[in-house]
Amino acid sequence: MGIFSKLFGKAADTICAPVAGEAVEIQQVSDPTFGQEILGKGIAIKPSEGRVVAPCDGTVDMMFDTGHAVSLVADFGAEILIHVGLDTVNLKGKHYHVHAKNGDKVKKGDLLMEFDPEAIKAEGYDIITPVIVCNSGDYTVFQPHVGKTVKTGDEVITLSK
């Protein structure tokens, strides 16, 4: 039995870093839709590379045509939005390359998209990447793991119902 189970009496679900970089509190995101948790609780990552991978096993619910964002439904029920950069929808797909499509079943670590961080920044956009659990209200425990550098696959959110 893990420490989480011992403390809370139930198994926990985890969301791992979909992108490598510095994991920070969601309140550091200047866009109020994310920073004020309007879409749900989450974390943000300041990317150090341009690869986005599945943060858990699940299904691609919506891969945005522009490639700047993807939503997934985890096998354990979490509805996860990964949004690469702020206002990057305005790039209309420039500097993004999609590797997954709507309805794809994915495993943790599967490549979802690639992006060019330097080119996006050169166009004047912030590349901070919110990772939001849109149905975070369904969970009694929401534990972000921030304030550290993460690799893809490192745990960044612990959830329990």
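Residues numbered from 1 in each chain as written. Predicted model: local features only at pLDDT ≥ 70, side-chain atom pairs only at ≥ 80, totals over all residues. Heavy atoms only, no water.

## Section: the environment of L112
Piece 1. When you line up the elements, L112 lands in strand 10 (residues 111-115).
Piece 2. Each C-alpha atom of the pair L112 and V53 lies 5.1 Å from the other, and the pair is 59 residues apart in sequence.
Piece 3. With residues near it in sequence (within four places) discarded, L112 still touches V52, V53, A54, V60, M63, V70, L72, I82, V98, H99, A100 and V106. (Helix = DSSP H or I, 4+ residues; strand = E, 2+ residues; numbered from the N terminus. Contact = heavy atoms within 4.5 Å.)

## Some words on the pattern of salt bridges
Oppositely charged side chains can form a pair if their charged atoms are brought close together.
Piece 1. In total, this model carries 6 salt bridges according to the counting rule given.
Piece 2. One salt bridge connects E123 with K94, and the closest N-O pair in it is separated by 2.8 Å. Of the two residues, E123 sits in the loop between helix 3 (117-122) and strand 11 (129-133) while K94 sits in the loop between strand 7 (79-83) and strand 8 (96-98), which places them 29 residues apart along the sequence.
Piece 3. Judged by its relative accessible area of 36%, E123 is partly exposed.
Piece 4. Among the ionic pairs, D104 bridges to K101, the shortest N-O distance being 3.0 Å. (Salt bridge = Lys/Arg side-chain N within 4 Å of Asp/Glu carboxyl O. Buried < 20%, exposed > 50% of the residue type's maximum accessible area, 1.4 Å probe, protein only.)

## Regarding the packing of aromatic side chains
For any two aromatic rings, the description comes down to two numbers: the centre-to-centre distance and the angle of the planes.
Piece 1. Applying the stated rule across the entire model yields 1 aromatic pair.
Piece 2. The ring centre of Y139 lies 5.4 Å from the NZ or CZ of K161, which sits over that ring. (Phe/Tyr/Trp six-rings, centres within 6.5 Å; stacked < 30°, edge-to-face > 60°. Lys NZ or Arg CZ within 6 Å of the ring centre and 35° of its normal.)

## Some remarks on the sheet that holds strand 10
Piece 1. Pairing in this open sheet of 3 strands is antiparallel, and the strands run 4-10-8 from one edge to the other. Edge strands, defined here as strands with exactly one partner in the open sheet, are strand 4 (51-53) and strand 8. Here the average twist between neighbouring strands, direction ignored, is 20 degrees.
Piece 2. Two elements, strand 8 and strand 10, share 3 bridges in a ladder whose sense is antiparallel. In the sheet register, H97 faces strand 10, and the bridge partner there is E114. (Pairing = 2+ DSSP bridges. Axes fitted to C-alpha atoms, helices over the stretch in contact; angles between N-to-C directions.)

## Thoughts on the state of the cysteines
Piece 1. Inspection of the entire model under this criterion finds 0 disulfides.
Piece 2. Looking at the unpaired C16, the closest cysteine sulfur is the one in C56, lying at 7.7 Å.
Piece 3. According to the relative accessible area criterion, C16 is buried, its value standing at 4%.
Piece 4. In this model C134 remains outside any disulfide bridge; the closest cysteine sulfur is found in C56, 13 Å from its own.
Piece 5. Exposure remark for C134: the relative accessible area of 35% places this residue in the partly exposed category. (Disulfide = S-S within 2.5 Å.)

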